[in-house]
Structures are given as structure tokens and as C-alpha cells.
Amino acid sequence: MSVTYPLGFRSAGVTAGIKSSGKPDLALVVNDGPQPGCAVVFTRNRAQAHPIRWSRSVIAAGGTPRAVLLNSGGANCFTGEYGYETVELSAAAVAAEISGINATDVLVCSTGLIGSGGEEFRSSVLGGVPLACEALAATDESAPTAILTTDSVSKTATHTGAGWRIGAMGKGAGMLAPGLATMLVVITTDACVSNAVLDRALRAAVSATFNRLDSDGCMSTNDQVTAFASGASGVSPSEAEFSAGLLAVCDDIAEQLQVDAEGAGHNIHIFVEGAESESDAEEVGRALARNNLFKAAIAGDDPNWGRVLAAIGVTQASFDPYVVDVSFNGVRLCSAGGPDRPVSECDLSPKRTEVLIELHAGDSSARIRTNDLTVDYVRGNSAYAS
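In this convention, every chain numbers its residues from 1, walking through the sequence in written order. Thresholds applied to this predicted model are a pLDDT of at least 70 for local features of residues and 80 or more for the giving and counting of side-chain atom pairs; totals over whole chains, interfaces and linings are not thresholded and use all residues. Note: side-chain values were computed over all heavy atoms of the structure, leaving out hydrogens and water.

Visitor: It is not clear to me how the overall build of the chain should be interpreted in this structure. Could you clarify?
Guide: Segments assigned H or I by DSSP are reported as helices when at least four residues long, segments assigned E as strands when at least two residues long, and all are numbered from the N terminus. For the chain, the count of helices and strands is 10 helices and 15 strands. For the radius of gyration, the atoms used are the C-alpha atoms, and the globule rule reads 2.2 Å times the number of residues raised to 0.38. The globule rule puts the C-alpha radius of gyration for 386 residues at 21 Å, and the 22 Å found for the chain is close to it. The C-alpha extent of the chain, read off along each of the three principal axes, is 65 × 50 × 30 Å. Accessible area is worked out with a 1.4 Å probe on protein chains only. A residue is then buried under 20% of its type maximum, exposed over 50%, and partly exposed in between. Residues classed as buried in the chain amount to 54% of the 386 residues present. For the chain, long-range pairs separated by at least 24 residues make up 80% of all intrachain contacts whose partners lie at least 6 apart in sequence. Split by element, the accessible area of the chain, about 14700 Å² in all, is 51% carbon and sulfur. By the convention used here, residues are in contact when the closest approach between their heavy atoms is within 4.5 Å. In short, Shrake-Rupley with a 1.4 Å probe defines the accessible areas, and a residue's cover is counted only from the protein chains shown.

Visitor: I tried to follow the nonpolar core on my own but got confused; where do I start?
Guide: One broad rule of soluble globular proteins: the nonpolar side chains tend to lie buried together. Here, nonpolar core refers to any group of buried Ala, Val, Leu, Ile, Met, Phe, Trp, Tyr and Cys residues whose side-chain atoms link them within 4.5 Å. Judged by nonpolar contacts, the single largest core of 45 residues is most densely connected at Leu28, Val68, Leu70, Ile98, Met169 and Val186. Setting aside residues up to four positions removed in sequence, Leu70 forms contacts with Asp25, Leu26, Ala27, Cys109, Ile147, Met169, Leu184 and Val186. One finds Val284, Phe294, Trp305 and Val324 within the second-largest nonpolar core, a separate group that totals 30 residues.

Visitor: Honestly, the sheet that holds strand E3 (residues 37-42) in this entry has me stumped. Any pointers?
Guide: Remark on secondary structure: sheet strands pair via backbone hydrogen bonds, oriented parallel or antiparallel. At least two bridges found by DSSP between two strands is the condition for calling them paired. The mixed open sheet is built from five strands, whose spatial order is E3-E9-E8-E7-E6. Of all the strands in the sheet, just E3 and strand E6 (155-160) have a single pairing partner and so form its edges. For this sheet the average axis-to-axis angle between neighbouring strands, irrespective of direction, equals 10°. Sheet topology places strand E8 (residues 184-189) next to strand E9 (residues 224-229); six bridges connect them, and they run parallel. With axes taken as lines fitted to C-alpha atoms, and helix axes fitted only over the stretch in contact, angles between N-to-C directions fall between 0 and 180 degrees.

Visitor: What's the story with the environment of Gly300 in this structure? I'm lost.
Guide: Within the secondary structure, Gly300 sits in the loop between helix H8 (292-299) and helix H9 (305-312). Classification of Gly300 as exposed rests on a relative accessible area of 54%. Spatially, the C-alpha atoms of Gly300 and His266 are 9.8 Å apart, while their sequence positions differ by 34 residues.

Visitor: Just checking my understanding: could you explain the pattern of salt bridges for this structure?
Guide: Oppositely charged side chains can pair when the atoms bearing their charge come close. Criterion for a salt bridge: a side-chain nitrogen of Lys or Arg within 4 Å of a carboxyl oxygen of Asp or Glu. A full pass over the atoms with the stated rule returns 18 salt bridges. Here Glu282 ties to Arg212 by a salt bridge, and the two come within 3.4 Å at their closest N and O atoms. Taken together, the residues span a long stretch of sequence, with Glu282 in helix H7 (residues 278-289) and Arg212 in the loop between helix H5 (195-208) and E9 at a distance of 70 residues. Of the charged contacts, one joins Arg286 and Glu282 as a salt bridge, the two residues approaching to 2.4 Å between their closest N and O atoms. Of this pair, Arg286 and Glu282 both sit in helix H7, four residues apart, which is roughly one turn of the helix. The buried category is assigned to Arg286, whose relative accessible area is 13%. When salt bridges with common partners are traced through the structure, they connect Arg212, Asp214, Glu278, Glu282, Arg286 and Arg290 into a single cluster.

Visitor: Looking at this model, I keep getting lost on the packing of aromatic side chains. Mind explaining?
Guide: In this description, an aromatic ring pair is defined by two values, namely the gap between the centres and the angle between the planes. Two rings belonging to Phe, Tyr or Trp (six-membered ring only in the last case) form a pair when the distance between their centres is within 6.5 Å. Interplanar angles under 30 degrees mark stacking, angles over 60 mark edge-to-face geometry, and anything in between is tilted. One pass over the structure, following the stated rule, counts two aromatic pairs. Ring centres of Trp164 and Phe242 lie 5.8 Å apart, and the angle between their planes is 45°; on these two criteria the pair is classed as tilted. Note that Trp164 is positioned in the loop between E6 and strand E7 (165-171) and Phe242 in helix H6 (residues 239-259), a separation of 78 residues in sequence. In this pair, the class of Trp164 matches that of Phe242, namely buried. Here Arg122 stacks its cationic end above the ring of Tyr82, 3.7 Å away from the centre of that ring. Above the face of the Tyr5 ring, Arg165 is positioned so that its terminal group lies 4.2 Å from the ring centre. Here, a charge over a ring means that NZ of Lys or CZ of Arg falls within 6 Å of the ring centre while also lying within 35 degrees of the ring normal.

Visitor: What should I look at first to understand H9 in this one?
Guide: The α-helix advances 3.6 residues per turn, and as a result positions three or four apart in sequence lie on the same side. Within H9 the residues assigned to the buried category are Trp305, Val308, Leu309, Ala311 and Ile312. Across the axial projection of H9, the buried residues extend over an arc of 165°, all falling on one side. Those residues of H9 that are buried are in contact with H7, H8, strand E11 (325-328), strand E12 (331-335), strand E13 (338-339) and strand E14 (352-358). Think of the arc as the fan of directions from the helix axis to the C-beta atoms.

Visitor: Would you explain the packing of H5 against H6 in this entry?
Guide: Geometrically, a packed helix pair is captured by the angle between its two axes and the distance between the axes. One can describe the packing of H5 onto H6 by two numbers: an axis separation of 9 Å at closest approach and a directional angle of 40°. Put simply, H5 runs oblique to H6. The crossing of H5 and H6 is right-handed. Two secondary-structure elements touch here, H5 through Val197, Leu198, Arg200, Ala201, Leu202, Ala205 and Ala208 and H6 through Glu239, Phe242, Ser243, Leu246, Leu247 and Cys250. Each residue gets one of three labels, nonpolar for Ala, Val, Leu, Ile, Met, Phe, Trp, Tyr, Cys and Pro, charged for Asp, Glu, Lys and Arg, and polar for the others, Gly among them. Taken together, the residues of the contact of H5 with H6 sort by class into 10 nonpolar, one polar and two charged. To sort the angles, those under 35 degrees are grouped as roughly parallel, those over 145 as roughly antiparallel, those from 65 to 115 as roughly perpendicular, and the leftovers as oblique. The handedness criterion is simple: a crossing whose near helix is rotated anticlockwise from the far helix by less than a right angle is left-handed, and one whose near helix is rotated clockwise is right-handed.

Written as C-alpha cells, this is what we have:
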């Protein structure tokens, strides 16, 4: 189950002809209420695709969006004013098909190759909108497949509260870095929550999950996480209860994104403990996640703790490198900045790899997710455009 798991939502995924493969490539999610709410988090990349520019303008206008149209197979980024007009026409096409929805109630998301979004793209999207609207269903499971690009599997998650639900779908397999990671995510809930509560809960969840997924340090132009509330359950959970459920769903999707990262041989979980502040812990973890020497070592099953110390030593975080402990998969190989156990005692053959860095500088902590650097990753991205 995904975005139609909660009450009050319909979705669809169809083949519009955007992808030359003939696979599904256009998805639509509609919030039927009765108490619609919406919150959105966008990429922090200044180079933003036209769908992001449009969706930002919709949010800035102060309304409550009721639908999101998502396509795969074309990013519609850096495609000139023609590309922006395509987004406007796409939103208007959805509004023309669904009673009670205006173009400014429709968010738009795209994913694919930057620079793609010409006449053929527009024709396919606009031709696919009526198909998607006709296929809308409250029991749909086709939408998650229609948003995939280089993903190997669809990504969905659910949470069940006391009389209310959350559902989610996401895509992403490369260019995974914070602000956001390269992803499109749609989250739905039938809980009765205000826009303010939904926004606070979403931003907190994104900060602790998607923005701490740092697979390759490359930030995309099209990232968007959209959350809709329908109020169809009639249940109003506490903000703390709702936030916990939303965090769990986002964490689930974030881990699925990590596991499906292009060409990855290891899924690396970096736990930073004993930091002076949470921001210090995040900075240390992210410095390691982006260190190619460390990531190459993990690809070769080499628990090279020296590369860990070297990587975190370039940060501005408050700690003494000569008191730091480093463990790989539960085996402490470095104690107080020096050798502890033989590296032969550590097994890095499992795909899940855990690295624990104990800074001994305070009581704060953070986890960063990343992946190793493999030949398959380089090969896949060197041939991406073709």
C-alpha cells in the first residue's frame, strides 16, 4: 500500500509515452478532503527545474494544493520559457479534468535528464493527463511505479495510528545528497491536522531523514517532498503522535532510497556519538559520507579507520582527534586516536555497514546514511545520458 492507504485520496500511474521504454511515466495523486491540508519541502539547489519553480509559486500564493502531477523520463529543467509553459499547461490540464480543482491547486514534479522537456515531452504529458485522471482510484497501487527512473524497485511505506493512517511513495537512486536528496516523495494522511502542524512535522522529519541521506554528495534540481492531509478519518492525533508517525514513514523511505543507490555494494550507516552539538555530529558524519577514499575502502571491504580520522579532521566540529574511537560493524579498531584491534577481526562482507565514531566531546549524536564508491556506480553514471 502507498498513497491511497489513508482515506480521502485517489491516485493513478499511466504510460504517457514520455519514456522510450514504454514503461509507466506519469502519476497523479488527488486529495479529496474533506479537510485538505498540504506542506512541501523543496531542494535548496539554486538551479531549479521548472516544476519546482511552479510549485514554489503555488505555495507562495497561500492556497492549499489538492493534487500533484509527477512525471518520470524528463526533468524539464533548463528548457527555457517553453518548459515553464509546459508546467502551466500541465496543471491546467489536471484542473480541467477534476471538478473543484484550479490550476493553482496542482503541484507538478518531474524527474529525469536535465535539458529534456521539448515538444515531444509536452505532447506526451498533456496527452497523458486525461488518461491519469480517468484511471484515478482509491485503491490504486500503480502510481509508485510511474515515478521511477534508474530505480530498480518502487518505494512505499505506511504507518497506522489510532484511527488514522499515513501512506507514502518515493523515487530516487542516484545524486543522493541533502537539501534534498534526489527524490520525489509524496506523503498522504487522513489525520485531521492543520497546515501549520503538517509543515512543522514534515520539516522536522525531512531534516532527520532525507536530509541526512548523503550517498554521493550531488544535489539535484528537481527534489520535492509533498505531504497532503485529507482529514477523512475524523481523528485528530496529538502533534507529537502525528510527528512520530511521519518521521517513521520518512525514515523508511530514506532507507529504501539508500538501499537502491546506483551500483552500491555497501549501505553505510555512520553513527556519530559524543558530539558537542547535533550540528557538529552531522558535520562529522557528512564529511565521512562524502570522502571518496573512505568510500572506496569500504567498496574493497577494507575497514580503514585511518581514513575515518583523516576525513573528519577537516571539519570545524569541536573534538580532539586524539581521543576519538572508531568502530566498524561493532568492532572497535581505533581507541583514543590509535590502533585497538587488528583489522582482520572486522568483517565488512555484509552489505549493511555500520561505522561508529565516538568523539568524547559532548552528549549529542546524529546518523548519516551513505554508500560506497564502486566501479558500477561510475559506469552507470558515465553512460547516464545515453
